[in-house]
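Given next are the chains, with one letter for each unit.
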Amino acid sequence: MGRKLRTIGFDADDTLWHNERFFKLTQDRFEELLSDYSETSVLHERLNAAERKNIGHYGFGVKGFVLSMIETAIDVTDGKVPGHVIQQLLDAGQDMLAHPIELLPHAQSTVEALTGDYRIVLITKGDLLHQERKLAQSGLGELFDDVAIVSDKSVRTYQTVFSGYGGPEQAMMVGNSMKSDVVPAVEAGSWGVFVPHDLEWDFEKADPPSAPRYRAISDLGDLPELVAEIG
């Protein structure tokens, strides 16, 4: 009987390294800068709405986030936002792009443990240059057989990325986003493994799938045992 798994896909942000914490810190700064114009809860809701609206235009990542902050600042101040506030938002975006990479626990040891026995693929959303830079700085780049930086993660995405090496049925996707990493991968016919992270962007929340190929683990350290169990 052939092996059940041939390919393992990993999400990057908040699965292998920290990411959302920097968005949270920048959003806190945004709300502080605009506190004279609106309440924190209103600023939070308006920024989330702007991000959702703008994803189709700017995609995922820091650049779209900064543009959404500037747009929201203009809206809540009726176009009167001071230039120095815009400058500080731009500076905050630059800081996010330049922030050093910090791997999550077990990220490197787990990927290393699975390389060689499986085709290891990084599948991540976001700005191409920024994601490439983060991968290079992470020290994990040489462990991946392939890297797919995509505009979104859909059933079609996983069907395409996993099309070789047995297709989706012999693949697993591992990530912290139920909406992007798990649900569409399972719908494509793959295994979907949810690895929770302390911080979760509202846009990435979804109900777990009711499917036999769905699994949840406490952290990446549990993944090699799960992979061995599946086969």
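Residues numbered from 1 in each chain as written. Predicted model: local features only at pLDDT ≥ 70, side-chain atom pairs only at ≥ 80, totals over all residues. Heavy atoms only, no water.

We now examine the pattern of salt bridges. A full pass over the atoms with the stated rule returns nine salt bridges. In this structure, the salt-bridge partner of K63 is D127, at a minimum N-O distance of 3.4 Å. Pair noted here: K63 is in helix α3 (residues 62-76) and D127 is in the loop between β2 (119-125) and α6 (128-138), with a separation of 64 residues, a long-range link. Close ionic contact of D146 with R119 constitutes a salt bridge, the shortest N to O distance being 3.5 Å. You can see D146 sitting in strand β3 (residues 146-150) and its partner R119 sitting in strand β2, a full 27 residues away along the chain. A single network of salt bridges, built from pairs that share partners, joins D11, K153 and D181. (Salt bridge = Lys/Arg side-chain N within 4 Å of Asp/Glu carboxyl O. Helix = DSSP H or I, 4+ residues; strand = E, 2+ residues; numbered from the N terminus.)

A few words on empty space enclosed by the protein. One pass over the structure, following the stated rule, counts one cavity of 30 Å³ or more. Size it by volume and the largest cavity reaches roughly 90 Å³. Taken together, H18, N19, F22, F23, V62, M96, H99, P100, I101, H130 and K134 make up the lining of the largest cavity. Those elements that place two or more of their residues in the lining of the largest cavity are α1 (20-33) and α6. (1 Å grid on protein atoms, 1.4 Å probe; cavity = no way out; pocket = protein on both sides within 12 Å on 5 of 7 lines; lining within 4 Å. Points joined across faces, edges and corners; volume = space filled by probe spheres on them.)

Our focus in this paragraph is the sheet that holds strand β4 (residues 171-175). Pairing within the open sheet is parallel, and its six strands lie in the order β3-β2-β1-β4-β5-β6. Two strands lie at the open edges of the sheet, namely β3 and β6 (214-216), each paired on one side alone. Strand-to-strand twist of the sheet, defined as the mean angle between neighbouring strand axes without regard to direction, takes the value 20°. As paired strands, strand β1 (residues 7-10) and β4 are joined by four bridges and run parallel to one another. Bridged to G9 within β4 is M173. Lying on the sheet, helix α8 (residues 178-187) is in contact with β2, β4, β5 (191-194) and β6; it crosses β5 at an angle near 155°. (Pairing = 2+ DSSP bridges. Axes fitted to C-alpha atoms, helices over the stretch in contact; angles between N-to-C directions. Contact = heavy atoms within 4.5 Å.)

Let us look at the environment of E132. Along the chain, the position of E132 falls in helix α6. Considered as a pair, E132 and V147 are 15 residues apart in the sequence and their alpha carbons are 9.3 Å apart.

This part covers α3. In a regular helix each residue adds 1.5 Å, so 15 residues correspond to 21 Å; α3 covers 21 Å between its end C-alpha atoms and thus fits that length. Of all 15 residues making up α3, 11 are buried, and the element is well covered by its neighbours. For α3, the set of buried residues is V62, G64, F65, V66, S68, M69, I70, E71, T72, A73 and V76. Looking at the buried positions of α3, the neighbouring elements they touch are α1, α2 (40-58), α4 (83-98) and α6. (Expected span 1.5 Å × (residues − 1). Buried < 20%, exposed > 50% of the residue type's maximum accessible area, 1.4 Å probe, protein only.)

I8, F10, L16, F144, M172, V174 and L223 are the most contacted members of the largest nonpolar core, which totals 27 residues. M172 has contacts with L5, T7, I8, G9, F162, W191, V193, L223, V227 and I230, leaving out every residue within four places of it along the chain. One finds F30, L34, F65 and M96 within the second-largest nonpolar core, a separate group that totals 19 residues. (Core = buried A, V, L, I, M, F, W, Y, C linked by side-chain atoms within 4.5 Å.)

Structural measurements only, silent on function.
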